[in-house]
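Structural overview for review
The residues making up each chain are set out below.
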Amino acid sequence: MPQDYVPVFLQVLAGIFFAVSTLAVSVLIGKRGRDSVAKDTAYECGKDPIGDVHTRFSVKFYLVAMLFILFDIEVVFMYTWAVVYRDMVHHSLAIFYSMFTFIGILFVGYLYALKKKAFDWTHTPGSSSPNRS
Amino acid sequence: MLSPTYLTYLAPEILLTVWAMILLLLEAFLSLSAREITRLALAGILVTAIETLFFGTDTTLFWGSLCKWDGAAKFFHLFFLAVAALAIWMADEVQEPVTHGGGEFVVLPLFTTTGLMLLASANDFMLLFVALELVTISLYILVAYRRRSLVALEAGVKYLILGGLSSAFLVMGVAYIFGITGTTRFDAIFPLFIYGMPTAVGFGLLLVLIGVGFKIAMVPFHIWAPDVYEGAPNSITAFLSVGSKAGGIIILLRIVLGVFGAGPGCDIWVPVLYVGAILSLLLGNLAAIPQRNLKRLMGYSSVGHTGFILVAVIGAAASLPGGARASIAELANGQTTVMVYLVTYLLATFTIFIVLAVLERRLPGLEIHHLAGLSQRSPLLAAAFALSLVSLAGVPPLSGFIAKALVILVAWNRHLYPLLIVTIFAAVAALYYYLGPIKAMYWSEPLDETPIKVNRTTSAVLIGLIVLLIVTGFYAQSISVLVGGATLAQATPDPVHLVSK
C-alpha cells in the first residue's frame, strides 16, 4: 500500500530539508571574516594552547574496548535465549546445546586472546622488564 | 553417498569451523610455525572437500530451513574450498611471508571460506547477512594485513568503509522486504510475488541489488576494486577476485532466481542488472587499457568479467521485459554458463596471481614494463602468465574461450541483442590490454638478465593449472561434468509454468 509509506517519504523530505537548510542559512547569514593566525589556533578558554591538540592513546585501550564489545554482545544473546528457553526445552534439547556451542566458540576466542597476551598490560614488546609505572 | 540428513550435524561448514578453531588454539598454545599451520589447514580443506563430494545433489532444507542443499550449493562449496586451498598455499609458499602472526593469516581464510560456503546454501536473509559479514570482516583484516605499508592501509580503509556501506544497503533492502512479507525465508517469499509485487518490495530488491553489486564489483559500485586489489597481499587479491566475487554471484543467483524469480520480480532486477552489465563491460574493459600497474589492471579486468557473468545471469531470468519467457533448458543454461565462467576465471586468475606473487618477491608494485624479457628469465612464468591472459581474453582453444562463447550464446538465444553487441565489443577491447603484458614478456629486451628461480612445488602447481586451462578448453565436456546438475533447486512452484499463465 503506497499510502502506508507517506511517513517514510516525509522523513526523507525532513532529512533533505534539514541538511540543505542548515547549509543554506550558514552561507546566507554567516559573516565572512578574515583569517588570522589567532583564529586558526585551537580554542583553549582564551589562553594560548600548550602542546599538541591530539593526544595519543595507547592501542591497548582500543583492544580492551573491542574485547569488551565482543564479550558483552554474548550477554545480549543470552537474554533472548533465556526468555524462550523454558518453552523450547520441552520440544527438544537443541536450544540447550546451541547455547553450548555458542559459548564454546567464544571460549576459544577468549583462550586465544589470553594466550596471545591481549590482556597483558604490564609487558611491552621490546622491553624485557615489566614497566609498572 | 551420505544421506542429506547428516547435513545437520556434519555440514562442511561445521567441519571447517571446528578445524579452524582447533588450529587457532594449536597455534596459540603449541606455537606451531606458519608452515605447519598451513599444512594442517590444507589437510582440513581436503577432508572437507572429500566430505562434500559424498553429499549428493538432492535438494534438502536443513538447520530449521536456514540452509538449502542443492546442486548449486554443492558446486559452490567445492569451488570455495578450491579457492581457499590455492590462496592458503600461495600465502605460505609463493609470496613474501608475512612478518608477524603468520598463523592467523592462514586461519582467517578458513573462516572466510566458511562464510562463503554458508552463502552458497543460504535460504534465509538473516543467514545471508551473517554469512556475508563473516566473509567481509575476515577479509577486512586480511586486506590490511601488511599494516606497515601505506598502500595496504589505504586498501584496508577503503574496503572497510565501502564494505560497511554495502552491508547497510543490503540490510535496508532486507528490512523493506521483511516489512511487507513478514518473513525472511527465500522459499516463503517466492510464492507471494508471482502475480504482482508492491512497490516497497521492489525498492527493497533494488537496495539489495546495490549491496550485492558492491560485493561483485559491478559498475557503478566498483570504485573500491582497483585500489583494494593493489594494496592487498597477492594471495588475498586472488581470493577476493575469485572467492568473494563468486560468493556475490551465488547470493545474486539465490536472490534473483530463488526469491524474485517470477515475472514481477524479473521486471525489476533484469533492467538493473542489464544496465550494470553494460556499464561493467564497457568501463571495466576500457579503463583497464591505460593501467600500468599489473594488479590495478587485474582489478579493472575483474570488473569487466563481472559484466560477462551478469550477462549469463540475465540469461537465466524466467521472463525478460520484452515478454520473452524462458524454457527450463534456457534457465538451466544461464546458470551453468555462470558456473563454467567462474571455473575458467578461477584457473586463469590464480595462475596470474601466483606468477605476480613470485615476481613481487623481488620487486613490489610490479608494472607492465618490469615484465620486459620475462620469457628469457623464466620461460615457465612467462608461459603461465601469457596463457592465462590469453584465456581471460577468450582466445581459442583455451578455456576462457568456451566461457565467453557460452555467454555470447546465452545472449543470442535470449535475443538480448544490445547486450550481445556490447559483450562482443568488450571482448575485443579486452584482447588489446591483455596483449600488452604478453608483448612486454616476449618481444622486449630484459632490463635485468638474472634468471628467476621457481621452486618445485610452485612449478608443479603452475604446470597443473596450465594443463587444466588447456584441457578444459579442448574438452569443454570436462567442465560440464563438473557443473552437471549444479543448478539451483527450482523454487516451488515452478516459475516457468506460473509466468506463462
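All of these numbers come straight from a predicted model, not from anything done at the bench.

1. Structural notes on the overall build of chain A
Helix and strand content of chain A: 4 helices and 0 strands. Reading the helices (α) and strands (β) of chain A from amino to carboxyl end gives α-α-α-α. Relative to the globule expectation of 14 Å for 133 residues, the C-alpha radius of gyration of chain A, 27 Å, shows a markedly less compact shape. For chain A, the spread of C-alpha atoms along the three principal axes comes to 70 × 70 × 20 Å. The buried share of chain A, taken over its 133 residues, is 0%.

2. Some details on the confidence of the model for chain A
Of all residues in chain A, 90% attain a pLDDT of 70 or more, and the chain-wide mean is 81. Within the model, the stretch residues 127-133 of chain A combines pLDDT values under 50 with 5 contacts to residues more than four positions away or in other chains.

3. Some remarks on the confidence of the model for chain B
Residue and element names in this part refer to chain B. With 95% of its residues at a pLDDT of 70 or more, chain B has an overall mean of 88. Low pLDDT (under 50) marks residues 492-501, which in the prediction has 17 contacts with non-local residues, meaning those over four places away or in another chain. Taken together, the chains of this predicted complex give a pTM of 0.88 and an interface ipTM of 0.78.

4. Some details on helix H12 (residues 263-287) of chain B
Helix length check: H12 of chain B (25 residues) gives 35 Å between terminal C-alpha atoms against 36 Å at 1.5 Å per residue, within 8%. Maximum bend of H12 of chain B: about 25°, positioned at Trp269 of chain B, with proline Pro271 of chain B one to four residues after it.

5. Brief notes about the environment of Tyr62 of chain A
Residues and elements named next belong to chain A. You can see Tyr62 is positioned in helix H3 (residues 59-89). For Tyr62, a count of 10 C-beta atoms within 10 Å corresponds to the exposed category. When the C-alpha atoms of Tyr62 and Trp81 are compared, they prove to be 29 Å apart, with 19 residues separating the residues in sequence.

6. Comments concerning helix H13 (residues 294-315) of chain B
Taking 1.5 Å of rise per residue, 22 residues should cover 32 Å, and H13 of chain B covers 32 Å from first to last C-alpha, within 8% of that figure. A large share of H13 of chain B lies buried, amounting to 21 of its 22 residues.

Parameters and conventions
- Residues numbered from 1 in each chain as written.
- Chains lettered and ligands numbered in written order.
- Predicted model: local features only at pLDDT ≥ 70, side-chain atom pairs only at ≥ 80, totals over all residues.
- Helix = DSSP H or I, 4+ residues; strand = E, 2+ residues; numbered from the N terminus.
- Rg over C-alpha atoms; globule rule 2.2 N^0.38 Å.
- Buried ≥ 20, exposed ≤ 12 C-beta atoms within 10 Å, placed from the backbone.
- pLDDT = per-residue confidence, 0-100.
- Contact = placed C-beta atoms within 7 Å.
- Expected span 1.5 Å × (residues − 1).
- Bend = angle between axes of the 7 residues up to and from the residue.

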